[in-house]
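Below are the chains, spelled out letter by letter.
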Amino acid sequence: MKKQFQAPHVLVLVVVMIALAALLTWVLPAGSYNRYVDENGVTLVEEGSYQQMEQTPVGPFEMLQAIPNGLVEAASIVSIILMYGGAFGIINHTQVVEIGIASSIEKMRRFSALIIPVIMLLFSLMGAMLGISESCYAFIPLCILLAKAMGYDAIVGFAMVMLANIIGFAAGPMNMYTTGISQQIAQLPLFSGLGVRIAVYALLLGVSILYVLWYGWRIKRDPSRSLLYSAEAREEEESMEARYSAADFTFRKKCTLTALLAGFIGLIYGIVRLGWWQGSTIGGYLLGMAILVAAVDGKRPNEMAKGFVDGAKGVLMGALMVGFARAIILILTAGNVIDTLLFYASILISRTTSGVAAAAIYVFTFFFNFVVPSGSGKAAIVMPLITPMADMADVTRQTAVLAYQLGDGPTNLFWPTAALAPLAMGGVPYSKWIRWYLPLTAILFVLSILVIVICNQVGYGPF
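Residues numbered from 1 in each chain as written. Predicted model: local features only at pLDDT ≥ 70, side-chain atom pairs only at ≥ 80, totals over all residues. Heavy atoms only, no water.

### Section: the packing of aromatic side chains
Reasoning step 1: Inspection of the entire model under this criterion finds 23 aromatic pairs.
Reasoning step 2: Relative to Trp-415, the ring of Phe-370 lies with its centre 5.3 Å away and its plane at 70°, an arrangement referred to as edge-to-face. Here the residue Phe-370 occupies a position in the loop between α17 (354-368) and α18 (375-392), and Trp-415 occupies one in the loop between α19 (397-408) and α20 (416-426), the gap between them amounting to 45 residues.
Reasoning step 3: Overall, the relative accessible area of 17% leaves Phe-370 in the buried class.
Reasoning step 4: Judged by its relative accessible area of 14%, Trp-415 falls in the buried class.
Reasoning step 5: Aromatic pair Trp-433 and Tyr-437: ring centres 5.2 Å apart, planes at 20°, arrangement stacked. Placement of both Trp-433 and Tyr-437 in helix α21 (residues 430-457) is noted, with a separation of four residues, approximately one turn of the helix. In this structure, Trp-433 and Tyr-437 share a single accessibility class: buried.
Reasoning step 6: Linked through ring pairs, Phe-158, Tyr-211, Trp-214, Tyr-215, Trp-433, Trp-436 and Tyr-437 together constitute an aromatic cluster. (Phe/Tyr/Trp six-rings, centres within 6.5 Å; stacked < 30°, edge-to-face > 60°. Helix = DSSP H or I, 4+ residues; strand = E, 2+ residues; numbered from the N terminus. Buried < 20%, exposed > 50% of the residue type's maximum accessible area, 1.4 Å probe, protein only.)

### Concerning the pattern of salt bridges
Reasoning step 1: This model, assessed by the stated rule, comprises six salt bridges.
Reasoning step 2: Here Arg-35 ties to Asp-339 by a salt bridge, and the two come within 2.9 Å at their closest N and O atoms. With Arg-35 in strand β2 (residues 35-37) and Asp-339 in helix α16 (residues 338-350), the pair connects residues that are 304 residues apart, well separated along the chain.
Reasoning step 3: Look at Asp-339 and you get buried, because its relative accessible area is 6%.
Reasoning step 4: Measuring nitrogen to oxygen at the nearest pair gives 2.6 Å for the salt bridge that ties Lys-378 to Asp-408. Of this pair, Lys-378 sits in helix α18 while Asp-408 sits in helix α19, and the two are 30 residues apart along the sequence.
Reasoning step 5: With a relative accessible area of 0%, Asp-408 lands in the buried category. (Salt bridge = Lys/Arg side-chain N within 4 Å of Asp/Glu carboxyl O.)

Limitation: the analysis is restricted to geometry and does not speak to function.
Here it is as structure tokens:
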């Protein structure tokens, strides 16, 4: 009897990537660029300053040490994930969300094809106009519950929040963290070329919404088509309608749900108006909100504590993976090969024709995002080099900025170095997610290349 192929565990995948990163430090020459601080306090790379240095390869023991060091480096993110998970664990113990959804589940299912686009539009606007991304993690568990109530799976719920947000962040009509910083470095007028970026935003978001709706339609017709489908688990789990009835939605539960909704309205206000973009601020708020909601529901301190521990357990694996993924970046940094990768890429781009160079900037950013996931941090590293390369290759600087933006955004849900943290919030396995996201990534990749080449051909500017 043939053994059925089993996809490797995400831990195995990340450890393999760690080993490959260590191998690169032996294969590639070590080198670095000079860096300087501009008038805005941003650390930039000095063009033409790359120099090779003595090789600093990472040995097997140093490679293993990078894993606990990665957990230390990512301690703030790991702690926030555990805090988010614990807070939602407390809320989940009240069962108020499930009961509230179950009371209106038929209406939700009837209008699910409208609810999904509306939610995706809202989260995409947070990225497109305000540059908000990590702050959206707090809404992942809630939208996953909503998606399941409508007959979908956790992937749909996750995509409603993070896919939409990342698409908006990538096109970034008024995103200061990628568009704004990149245009300033390229000496372009701030938020110039707005019309084209809005059109690109509408195109990519429209394609993403259709992809989510198509997948959702398939699993509604046949639940076994869900990538998260488990026949055994499905037999054991009862539907929301079977577990809860209208009688469960008591006055106290209505008060609890009101407190929860008020808490989320306060969170949105804090993010949009008060600038609560730090995970620790949101994590502390969520914990306080969860305790208050549980108190309204009549939960005792011991029950709250159990809920917190259960919730933290649910996201523990994902939190650990964030630390493991950070080890990859630590290894490449210790081996001094990040700037070497940047240097070789700049040579290849500068030797191509105009159209190819524009596409090459996008492709380079797509892959470089594996090493440096931060949009603003990556802009400070690569844009000082991309700008003169674009000039030499007759690529307009506005096109180069757009190529950078599109290469940065969607890959944050593709590479594990960036995707594991939000996936941990929803308990979505990376291996399952990447199977779902890979076809859409290919579609977005082709569309982005076409957009960039067309923009370059028409002289997307002002220059």
